[in-house]
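What the coordinates show
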Amino acid sequence: MKKLMAAVLAGAMVLSFGMTAMAEDDNVLVMATNAEFPPYEFREGDEIVGIDAEVAGLIADKLGMELQIDDMAFDSVLAAVQSGKADIAMAGITVTEERKMSVNFTDTYTKATQMIIVAEDSEIQGPDDLEGKTIGVQLGTTGDIYVDDVPDASVERYNKGFEAVQALLQGKVDAVVIDGEPAKVFVSQNEGIKLLDEAFTEEEYAIAIAKDNDELLEKVNTALNELKDNGEFQKVVDKYISSDDAEEAETEAASEAETEAVTE
Ligand code: ARG
């Protein structure tokens, strides 16, 4: 009975939305993202490029679908898959317990960290020094969520990560908390700011898919794991992240593994 209801409902949805809702189109994989996040998704002229954009393209290929990327505010990407406006959300999205309540996540594809950017001559040397400071973040990101725990800090929320960095350049905030890879890009593109060594938090990225769409979740996981196994995923990463950084990440991962082994 439940299945029948679902089928009737699904039929009604297709009828009512018809061709206008692309996420209902069998051959188009609609990806919600926020293309303000190099090297994962950013604009190059009219095009949205980056690790997520290219990996999603490869996943779509494997599914025999065409990728369509919808660029929106970061704090809308999960809602877009929940409402069915998009099939997947891929935007350097960190898996969190709270987000798991509203969407499903695929297997993770990247280890990430929230890092701290400060002015070159700043007295802030690590996470503990953020106490009482003004911190810039991108609205709705894990940076935004986690700085809430910093005692007496005041948080300035920006729509784009780069706007937070601009505020730092203008002396409007004392620090920016943002994902490590975009942080490196922003720091390399601007004079007078630096990245602190100590990470604020460790996290992992995954692709978000609607709760009721187990079929797509399984397909995307299969495709993602194939891309990891055959090296195509790494090839895309290497295209966007220099090997110096990759070595760093490897050493980090190795020392992490050691710590894990010790604590076990
Ligand atoms: N990893 C962080 C999070 O999930 C930030 C992601 C921001 N992504 C973006 N495309 N702007 O909250």
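Our structure's up above, just so we're on the same page.
The following refers to the structure shown. From a predicted model like this one, the values you see are computed outputs, not experimental measurements. (Residues numbered from 1 in each chain as written. Predicted model: local features only at pLDDT ≥ 70, side-chain atom pairs only at ≥ 80, totals over all residues. Heavy atoms only, no water.)

1. Describing the sheet that holds strand E4 (residues 47-49)
Ordered by their spatial adjacency, three strands build an open sheet running E2-E3-E4, and the pairing between neighbours is antiparallel. Only two strands of the sheet have a single neighbouring strand rather than two, namely strand E2 (36-37) and E4. The pairing of E2 with strand E3 (residues 41-44) spans two bridges and is antiparallel. Each residue of the ladder has a partner; that of Phe-37, found in E3, is Glu-41. (Pairing = 2+ DSSP bridges. Helix = DSSP H or I, 4+ residues; strand = E, 2+ residues; numbered from the N terminus.)

2. Here we look at the site of the ligand
Among the 15 residues in the neighbourhood of the ligand, the closest are listed as Asn-34, Gly-92, Thr-94, Thr-142 and Asp-179. In the environment of the ligand, a nitrogen atom lies 2.8 Å from a nitrogen or oxygen atom belonging to the backbone of Ala-91. Between the ligand and Thr-94, the relevant distance is 2.8 Å, taken from a nitrogen atom to a side-chain nitrogen or oxygen of the residue. Summarising the interface, the protein chains cover 100% of the accessible area of the ligand, which totals 350 Å² for the free molecule. Of the residues belonging to the shell around the ligand, the class tally is five nonpolar, six polar and four charged. (Near = heavy atom within 4 Å. Polar contact = N/O pair within 3.5 Å; in protein donor to acceptor, adjacent residues only side chain to side chain. Areas by Shrake-Rupley, 256 points an atom, 1.4 Å probe, with all protein chains shown as cover. Nonpolar A, V, L, I, M, F, W, Y, C, P; charged D, E, K, R; others polar.)

3. Here's the deal with the pattern of salt bridges
Tallying each qualifying case throughout the model produces 10 salt bridges. Across the pair Arg-157 and Asp-148 runs a salt bridge whose closest N-O atoms are separated by 3.9 Å. Connected via shared salt-bridge partners are Asp-144, Asp-148 and Arg-157. (Salt bridge = Lys/Arg side-chain N within 4 Å of Asp/Glu carboxyl O.)

4. Concerning the nonpolar core
Counting 28 residues, the largest nonpolar core has Val-55, Ile-59, Ile-88, Ile-207 and Val-220 as its most contacted members. Where this core is concerned, the elements lending two or more residues are strand E1 (28-33), helix H2 (51-62), helix H8 (214-229) and helix H9 (232-240). Tallying contributions element by element places H8 first for this core, with six residues. Once residues lying within four places of it in the same chain are set aside, the contact partners of Val-220 are Ile-59, Leu-63, Ile-88, Thr-106, Ile-207 and Ile-209. Among the nonpolar cores identified, the runner-up in size contains 17 residues, and Ala-32, Leu-78, Ala-89 and Ala-91 belong to it. (Core = buried A, V, L, I, M, F, W, Y, C linked by side-chain atoms within 4.5 Å. Buried < 20%, exposed > 50% of the residue type's maximum accessible area, 1.4 Å probe, protein only. Contact = heavy atoms within 4.5 Å.)

5. A few points about the side chain of Asn-34
Within the element layout of this structure, Asn-34 appears in the loop between E1 and E2. Taking the relative accessible area as the measure of exposure, Asn-34 reaches 5% and is therefore buried. Looking at Asn-34, its side chain comes within polar contact range of the side chain of Gln-138, at 3.0 Å.

6. Concerning the sheet that holds E1
In space, the five strands of this open sheet follow the order E5-E1-E6-E14-E7, with mixed pairing throughout. Here the strands that pair on one side only, and so sit at the sheet edges, are strand E5 (66-71) and strand E7 (104-105). Across two bridges, the pairing between strand E6 (residues 88-89) and strand E14 (residues 208-209) is antiparallel. Each residue of the ladder has a partner; that of Ala-89, found in E14, is Ala-208. Here H2 sits on the sheet and contacts E1, E5 and E6; the angle it forms with E5, its principal contact strand, is near 150 degrees. (Axes fitted to C-alpha atoms, helices over the stretch in contact; angles between N-to-C directions.)

7. Points about unusual backbone geometry
Note on backbone geometry: most residues besides glycine have negative phi, and most peptide bonds are trans. Cis rather than trans, the peptide bond between Pro-38 and Pro-39 has omega equal to 5 degrees. Structurally, Pro-39 is set in the loop between E2 and E3. Positive phi, close to 55 degrees, is recorded for Asp-152, a residue that is not glycine. The residue Asp-152 is located in the loop between helix H5 (142-147) and strand E10 (154-158) in this model.

8. Some remarks on helix H6 (residues 161-169)
Listed as buried for H6 are Gly-161, Ala-164, Val-165, Ala-167 and Leu-168. The arc that holds the buried residues of H6, viewed along the axis, is 155 degrees, so those residues lie on one side. Elements in contact with the buried residues of H6: strand E8 (110-119), strand E9 (134-138), E10, strand E11 (175-179), helix H7 (180-189) and strand E12 (193-195). (Arc of directions from axis to C-beta.)

Treat this as a map of the structure, not an account of what it does.
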